[in-house]
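# Residue-level structure breakdown
Spelled out, the chains give:
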Amino acid sequence: MALHRGRGFAAINYPIGMNLGGDPSQALVHSNPGGKFMVALSSIDLGQGMKSVTRQIAAETLGVPVEDVYVDTADSDTGPHCMGSFASRGTHRVGNAVIEAAKEARSVMLEAAAEELEVDPADLVTDGKGNIHVKGAPSRSISTAEACGAAQFKQGRTVSGRGIFLIPLSEVDPETGEQTPVSCFAHAAMIVDVEVDDETGEVSVLEMNSAYELGRALNPRLVEQQLVGGAWMGMSHAAWETTEPYYPDRDHGPIDFNGYLMPGPGDIAKHNIAILERPAPDGPYGGKGPGEMCANPVLPAVVNAVFNAVGVRIDELPVTPEKVLRGIRANGGAQPQGRR
Amino acid sequence: MARKPLQFHLNGSEKAVFVEDGQNLLDVLRRGVGDLTPKYGCGQGACGTCTVLIDGEPHLSCLTLAETVEGRQITTTAGLAQGADLHPLQKAFMDNFAAQCGYCTPGMLLAAKALLDRNPNPSREDVVEAISGNICRCTGYEPIIDAILEAAKSRGFRQFG
Ligand code: FES
Ligand code: FES
């Protein structure tokens, strides 16, 4: 009767978005007469930070302060079409659509400013603080609010832009079977340390060490937040959560939070994270986005760590004490694999 | 169904409503007096997001019969900030990115407030214990624990009460 330590490793190559029909998302951007910008999306922020990231992307592209941008994700009846918040596609797909829409709105804003300043719009730059001025001559300037106001009250222009991001559907080559389903991959590697009790079959995750490559981290704190929370969910999927924990009768399954197990605040493992930024060529400002990949590597790494600890190869999740004990019994006892 | 008058104090102001027999406090807060900050998660006492303070003690409002709070003081998340000034716990939650979807946050804040009100210098274990009845699906708990410990250290906490 003993506790056995084990270490497991997993690495993943994670596709951003999908390509079943192009995977499109759209964005509409417009300014009000006071120079504040509205980004209209149907993409839902589930807490992953879609609103924060698209707001940053719009502000950066428009050349206005982030405080001057609002993101409205309220309603798929009134917003432009989006495939949805899934497949880790939000930052990449929606971000690209926002850039396109913001570029168009920016060019109208600069045309309006140029008309007011009686200069060529190509000579104008934004300072990101709410001003537009002639390149090399900062005194010849107009505020973004004045430019947007003039457009809408004097010149008769809407300061607005439309954006869509669509990767053309990749057909399968009938000769070779080749296809390009995905344009952008993120990557991760994770090492998990566990402790397995060979008397109870219980598995405790002691520590996780991970490295994530997810393009440019557009909002580093949100990225870190997702990785911390996502790894917890991965750990939960690996060793706790199941709707079918007992056999053979489905009626013995959980029907509420008392029976559906998840790690609580006392069960969390230390998680050291390294974030590597390799900007994606087709990502918005190089971003890919963490998405579901936050949880994924934890599962195989835990399974591998259990094998390393007691020599039991679990091939059906989650790793319940019962499966571990049955495995140990089938092997005639725990068989620690040793450190490699 | 019989309706009875009920009076209580919500975040310092007096409330008078009619409640039905067996109506729970969460329902009275949300539908009766329009305070939407306590959330409905499970309705059966297992998730903690409906937590409110009754005379300073944390209670699950989904399991509390409304008529039992006659004359008592109820605190919800709506009562934490003072005007534009966030409560130190709210600020610490923000600074530590302790919310993603935010659904658990009202319950977490009040469970934490109840802890810090009776124990201003909690250990990490004390914090874990205090929020162990509150489920969070998003954050992995660590940022929440860190936020509560940080709020405990912040000097402003005492003044807010
Ligand atoms: S709603 Fe009250 S505990 Fe879940
Ligand atoms: S932040 Fe989503 S449940 Fe806690």
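Residues numbered from 1 in each chain as written. Chains lettered and ligands numbered in written order. Predicted model: local features only at pLDDT ≥ 70, side-chain atom pairs only at ≥ 80, totals over all residues. Heavy atoms only, no water.

### Some points on the overall build of chain B
Within chain B, the secondary structure is distributed over six helices and five strands. For 161 residues, the compact-globule formula gives about 15 Å, and the C-alpha radius of gyration of chain B, at 15 Å, lands near that figure. Structurally, chain B occupies a C-alpha span of about 45 × 30 × 25 Å along its principal axes. Among the 161 residues that make up chain B, the fraction classed as buried is 46%. Long-range pairs, those at least 24 residues apart, make up 57% of the contacts in chain B with a sequence separation of at least 6. As presented, chain B carries roughly 7,500 Å² of accessible surface, and 49% of it is formed by carbon and sulfur atoms. Placing the 15 positive and 18 negative side-chain charges of chain B at their respective mean positions leaves the two points 3 Å apart. (Helix = DSSP H or I, 4+ residues; strand = E, 2+ residues; numbered from the N terminus. Rg over C-alpha atoms; globule rule 2.2 N^0.38 Å. Buried < 20%, exposed > 50% of the residue type's maximum accessible area, 1.4 Å probe, protein only. Contact = heavy atoms within 4.5 Å. Areas by Shrake-Rupley, 256 points an atom, 1.4 Å probe, with all protein chains shown as cover. Lys, Arg positive; Asp, Glu negative; His and termini not counted. Charge placed at Lys NZ, Arg CZ, Asp CG, Glu CD.)

### Describing the nonpolar core
All names here are of chain A. If you look at the biggest cluster of nonpolar residues, it comprises 42 residues, and the most contacted ones within it are Phe37, Leu62 and Leu124. Sorting the residues of this core by element identifies strand S2 (25-31), strand S3 (37-40), helix H1 (50-62), strand S4 (69-72), helix H2 (90-117), strand S6 (131-134) and helix H3 (144-155) as the ones contributing at least two each. Among the elements that line this core, the one with the most residues is H2, at 14 residues. With residues near it in sequence (within four places) discarded, Phe37 still touches Val29, His30, Ser31, Leu62, Val64, Asp68, Val69, Tyr70, Ala105, Met109, Cys148 and Val159. Grouped together as the second largest cluster of nonpolar side chains are 40 residues, Ala10, Ala238, Ala280 and Ala305 included. (Core = buried A, V, L, I, M, F, W, Y, C linked by side-chain atoms within 4.5 Å.)

### With respect to the sheet that holds strand S9 (residues 185-197) of chain A
Residues and elements named next belong to chain A. With respect to topology, four strands assemble into an open sheet ordered S1-S9-S10-S11, the strand pairing being mixed. Looking at which strands have only one partner, the edges of the open sheet turn out to be strand S1 (3-15) and strand S11 (270-276). Direction aside, the axes of adjacent strands within the sheet are offset by 15° on average. With 10 bridges connecting them, S9 and strand S10 (residues 203-213) associate as antiparallel partners. Paired with Val192 across the strands is Met208, a residue of S10. Sheet contacts for helix H4 (residues 220-239): S10 and S11; angle to S11, the most-contacted strand, approximately 130°. (Pairing = 2+ DSSP bridges. Axes fitted to C-alpha atoms, helices over the stretch in contact; angles between N-to-C directions.)

### Observations regarding the domain arrangement of chain B
All names here are of chain B. Domain annotation for chain B reports domain 1 (3-79) and domain 2 (88-160). Measuring from the centre of the C-alpha atoms in domain 1 to the corresponding centre in domain 2 gives 21 Å. Domain 1 puts 16 residues into the contact, and the matching count from domain 2 is 13 residues. Carbon and sulfur atoms supply 61% of the area buried between domain 1 and domain 2, which totals about 1,100 Å² over both sides. If you look at where domain 1 meets domain 2, you find zero salt bridges. (Domains from an automatic or database assignment. Buried area = accessible area lost by both parts, 1.4 Å probe. Salt bridge = Lys/Arg side-chain N within 4 Å of Asp/Glu carboxyl O.)

### Focus: the interface of chain B and chain A
A common way to express how large an interface is: the accessible area buried when the components associate. Contact residues are listed per partner, giving 23 residues for chain B and 25 residues for chain A. Of all residues in chain B, the largest losses of buried area upon contact with chain A belong to B:Phe97, B:Gln100 and B:Arg137, amounting jointly to 38% of the total for that side. Taken together, chain B and chain A are joined by one salt bridge. Among the salt bridges present, the one from A:Glu241 reaches B:Arg137, with a minimum N-O distance of 2.6 Å. Here chain B and chain A share five residue pairs in polar contact (both at pLDDT 80 or more) between them. Counting residues per element, the side of chain B that touches chain A draws most heavily on helix H5 (residues 142-153) of chain B, at three residues. Residue composition of the side of chain B that touches chain A, grouped by class: 14 nonpolar, six polar and three charged. (Polar contact = N/O pair within 3.5 Å; in protein donor to acceptor, adjacent residues only side chain to side chain. Nonpolar A, V, L, I, M, F, W, Y, C, P; charged D, E, K, R; others polar.)

### Side note on the pairing of strand S1 (residues 3-10) of chain B
Residue and element names in this part refer to chain B. Pairing geometry for S1 and strand S2 (residues 13-20), over eight bridges, is antiparallel. Note on S2: the bridge partner recorded for Gln7 is Ala16. In sequence, S1 turns back onto S2 through a hairpin of two residues, with Asn11 there showing a positive phi of about 50°. With two bridges connecting them, S1 and strand S5 (residues 73-75) associate as parallel partners. Considered in S5, the bridge of His9 is made with Gln73.

### Considerations on the packing of aromatic side chains
Residues and elements named next belong to chain A. Within this structure, the stated rule accounts for one aromatic pair over all chains. The cationic tip of Arg89 hangs over the ring face of Phe86; the distance from NZ or CZ to the ring centre is 5.6 Å. Stacked on the ring of Phe307, the Lys or Arg Arg313 has its end atom at 4.4 Å from the ring centre. (Phe/Tyr/Trp six-rings, centres within 6.5 Å; stacked < 30°, edge-to-face > 60°. Lys NZ or Arg CZ within 6 Å of the ring centre and 35° of its normal.)

### Quick notes on unusual backbone geometry
Between A:Leu317 and the following residue, A:Pro318, the backbone shows a cis peptide bond with an omega angle of -5°. Positionally, A:Pro318 belongs in the loop between helix H5 (298-310) and helix H6 (321-330). You will see that A:Ser88, though not glycine, has its phi angle at about 55°, which is positive. Relative to the assigned elements, A:Ser88 resides in the loop between S4 and H2. Located in the positive-phi region is B:Asn11, a residue other than glycine, with phi close to 50°.

### Focus: the domain arrangement of chain A
All names here are of chain A. Per the domain assignment, the segments making up chain A are domain 1 (3-16 + 184-330) and domain 2 (23-166). When each unit is reduced to the centre of its C-alpha atoms, the spacing between domain 1 and domain 2 is 38 Å. Tallying the contact residues gives 20 residues for domain 1 and 20 residues for domain 2. At the boundary of domain 1 with domain 2, total buried surface from both sides reaches about 1,300 Å², with 56% on carbon and sulfur atoms. Considering only the side of domain 1, the residues that lose the most area to domain 2 are Ile16, Pro284 and Tyr285, jointly responsible for 40% of the buried surface there. Taken together, the connections running from domain 1 to domain 2 amount to zero salt bridges. Between the two partners, domain 1 and domain 2, sit 10 residue pairs in polar contact (both at pLDDT 80 or more). Secondary structure elements with two or more residues in the side of domain 1 that touches domain 2: S1 and H4. Take the side of domain 1 that touches domain 2: its biggest share by element is three residues, from H4. Among the residues making up the side of domain 1 that touches domain 2, the classes are represented as 10 nonpolar, seven polar and three charged.

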